[in-house]
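Observations on the model geometry
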Amino acid sequence: MEIERRSVLGGLAALGLAGAVGRPDKVAAASPKAVVNGAPAVVLVGSGAEHSGFLHGIEAAGSEILDVIRPDFGLGFLQQAGQMLRERPDLRLLGLVDDASAAVIIGLARATGARQQWLANHWVGDGRSRHVILSADLAEGCASRLGRHLAACGGDFDLLERSPPGQEPHLRITGSARDSAMKRDNWAAATGFLLASRGGGHVDDERLGALPAASGRGLSGHFVSLSLGN
Amino acid sequence: MAQEQKTVLPEKVSRQQFDRAADEFRRLLGAENVLVQEQQLMPYMKVMMPKPETEFAPSAALTATTVEQVQGIVKICGKYKIPIWTVSTGQNLGYGTAAPHHRGQVILDLKKMNKIIDVDPDLCTALLEPGVTYQQLVDYLREHKYALWVDPPAPSAIAGPVGNTLDRGVGYTPYSEHFMFSCGMEVVLANGEVLRTAMGGVEGSNTWQVFKWGYGPYLDGIFTQSNYGVVTKLGIWLMPAPEMFKPFAIKYERDEDIEQLVEMFRPLSISGVIPNGVVLVGTLYEASATVRRSDYTTEPGATPQAVIDKIRKEHGIGAWTAYAALYGSKEQVAVNWDIVTRAVKQSGVGQIVTEEEAGDDPAFRYRADLMRGNMTITEFGLYNWRGGGGSMWFAPVAQARGSETLKQMKLATQILNKYGFDYVGEFIVGQRALHHIVDVLFDRTIEEEMKRAHDCFAELLRAFAAEGYAVYRVNNVYMDQVAEVYGPVQRNVNQTLKRALDPQGIFAPGKSGIRI
């Protein structure tokens, strides 16, 4: 596994991505897991999501994180992220970013022919959250798991999922707060966990349920989560 | 095949017919260029309109690399009556992005037709395929050391000249009216023929990219904002790099100042003293480069005036900021700078900010980049102002008169505020006309807000039409409503052309409200 990891990192270095993309700050680096779940992932985080539970969730899923990148509006990010999507289709790209970055990244995904499994708009504030999810077939089950997880955590939330074959939402889950000490950032951790698990072909519900209560700094505002790659 | 069983189908096309067509597309293009899996189609479904993404779900996306392949696609579509929605780079943000007009249409994605066929550094012309991006063109010019500038719209680097010109987009340099600076097209027609417009029809001609008009009716216009063919090549004119470029801003304190501002700029624009599109940017548009609404308030509804005033004060933003630039030799720029500064002084309002005075101001730098034709994606910051992924450009045209701007701004603000949204707008002065550009930003995570945004935009269109105004471009949801505003005769003529050129109606049904 180390050999494979070195090889992948070598490839990224050649792309100029191992350290920085578009001069972003490298905000975290995860240690390799003993059990690796799915293809290696590059993680995009912005608007404070770098300090959220999103990364912890990905790590908890046993996903190998090659790099963590903060997107910006620089042309360096645009060019190098595009190059990564074009030249490394074996990588997964998982993100929790702001609306502007999401628009740029999805535009790049389309331009480079990347596959996309998940696109969700999230809003968090005043102890509540909303999650509107568009998912492709291979991400089936992630949204319902997220909803069940938020309900189990005692969250006050609305979750709605659509997928291309149907015009009507095929999933709508609502939770009302029962626990004032609701895990404040659990949605981000659970989202990271589920998106990372998806590539592994299975979700370890036990580990999902065991995600730490407050695994990061609480987020507020609007975010977009996404999953790209084969 | 299991994947395909779940795909969306085009209207009035059976599963069996669609599968047969898909097989023919694969034989023509190769399987890797026929996208039918949900994961492959998802990137085409990121919409900002006030409708669920699934309403725009395509049944497939095809990527072609040659004109012959486009002809083959058109033939297969005709055979199975499959509608195709053509995109070039698919970055028509705020106007529908890459999504088809309605669910089930097959997307013809021309991103792989990305050859820069010719650039003539003497005549300052280029002949491009639809997938060429502005960044690609800039890189090419740089590589060949051609002293030529491009004129990008705001999403510059990732958008392309062909698609933007065909949607009659505008930029910010002296070549800002993109269709005006285009010259010659190649179009695949529904009958499979390839039309080269104007001088392109003359065998052995070398004037296709230098003389627009040819002989007889001028046809290029009918292939813009329309669905009469698939444009596979476009000629554009490039701006010779001037010896000197001098961007500047003028800040105005009061909303009402815009009247005087336009009266001052119009003659400077018409006379060519200021040759580029002068942009008059409202407070919140200007602020979006650096500020989020949630930095100041998390209350729902329109942002209170007191908050807007606070943003102005804390960030040194005017009620309006005018951005313009001078281009030419040092002597020309010096003369014109003198004319501009005298005009501002005589007007008695407005504070000039030069590039040197602006320093690192990101808003100034962004605007200077646009006016210089540099690549930038700073405008994406608008999407973070309110957040939630909803954005629609409301873009009515006005006469370049001060009284018109204030009237339009007040009308738009009143309607937007009534529905709980902000006026995030700017005006672009193009000599005699103004493009009034308002970004209707809303939160797509709230179903009620989506509905409100939908109704708000419809009312904006209605209320402006009642005053004799119409938009020059619109997203997929409102194409019929806008076509109605332009009257039944125009609509009938458009339909007559559609029936003549595309009798089966396979090209982008619904585009600009045009169907067979």
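Residues numbered from 1 in each chain as written. Chains lettered and ligands numbered in written order. Predicted model: local features only at pLDDT ≥ 70, side-chain atom pairs only at ≥ 80, totals over all residues. Heavy atoms only, no water.

Some words on the overall build of chain A
Scanning chain A from N- to C-terminus turns up 7 helices and 8 strands. Split into buried and exposed, the 230 residues of chain A put 57% on the buried side. For chain A, the share of sequence-separated contacts (at least 6 apart) that also reach a separation of at least 24 residues comes to 78%. In the structure as shown, chain A presents an accessible area of about 8400 Å², 50% of it carried by carbon and sulfur atoms. (Helix = DSSP H or I, 4+ residues; strand = E, 2+ residues; numbered from the N terminus. Buried < 20%, exposed > 50% of the residue type's maximum accessible area, 1.4 Å probe, protein only. Contact = heavy atoms within 4.5 Å. Areas by Shrake-Rupley, 256 points an atom, 1.4 Å probe, with all protein chains shown as cover.)

Overview of the nonpolar core
Grouped together as the largest cluster of nonpolar side chains are 106 residues, with contacts concentrated most on Leu226 of chain A together with Val119, Leu137, Leu238 and Phe380 of chain B. The biggest single contributor to this core is helix α4 (residues 99-112) of chain A, with 8 residues. For Leu238 of chain B, the contacting residues outside a window of four places in its chain are Val119, Cys124, Thr125, Ala126, Leu137, Leu141, Leu148, Trp149, Val150 and Tyr175 of chain B. Among the nonpolar cores identified, the runner-up in size contains 66 residues, and Ile258, Val340, Ala400 and Phe421 of chain B belong to it. (Core = buried A, V, L, I, M, F, W, Y, C linked by side-chain atoms within 4.5 Å.)

Digging into helix α9 (residues 305-315) of chain B
Residue and element names in this part refer to chain B. By the burial criterion, the buried members of α9 are Val307, Ile308, Ile311 and Arg312. All buried residues of α9 project into a common sector of 145° when viewed along the axis, lining one side. Among the exposed residues of α9, those oriented more than 90 degrees off its buried face are Ala306 and Lys313. At the C-terminal side of α9, Gly316 shows a positive phi close to 60°. (Arc of directions from axis to C-beta.)

Thoughts on the confidence of the model for chain A
For chain A, the mean per-residue pLDDT works out to 78, and 76% of the residues sit at or above 70. Taken as a whole, residues 1-34 of chain A scores under 50 in pLDDT and shows 61 contacts with residues more than four places along the chain or in a different chain. (pLDDT = per-residue confidence, 0-100.)

Re helix α4 (residues 67-80) of chain B
All names here are of chain B. Taking 1.5 Å per residue, 14 residues should reach 20 Å; α4 reaches 20 Å between its end C-alpha atoms and fits that length. Across the 14 residues of α4, 10 count as buried, placing the element largely inside the fold. Among the residues of α4, Val67, Gln69, Val70, Gly72, Ile73, Val74, Ile76, Cys77, Gly78 and Tyr80 are the ones counted as buried. Lys81, located one to two residues past α4, shows a positive phi value of around 55°. (Expected span 1.5 Å × (residues − 1).)

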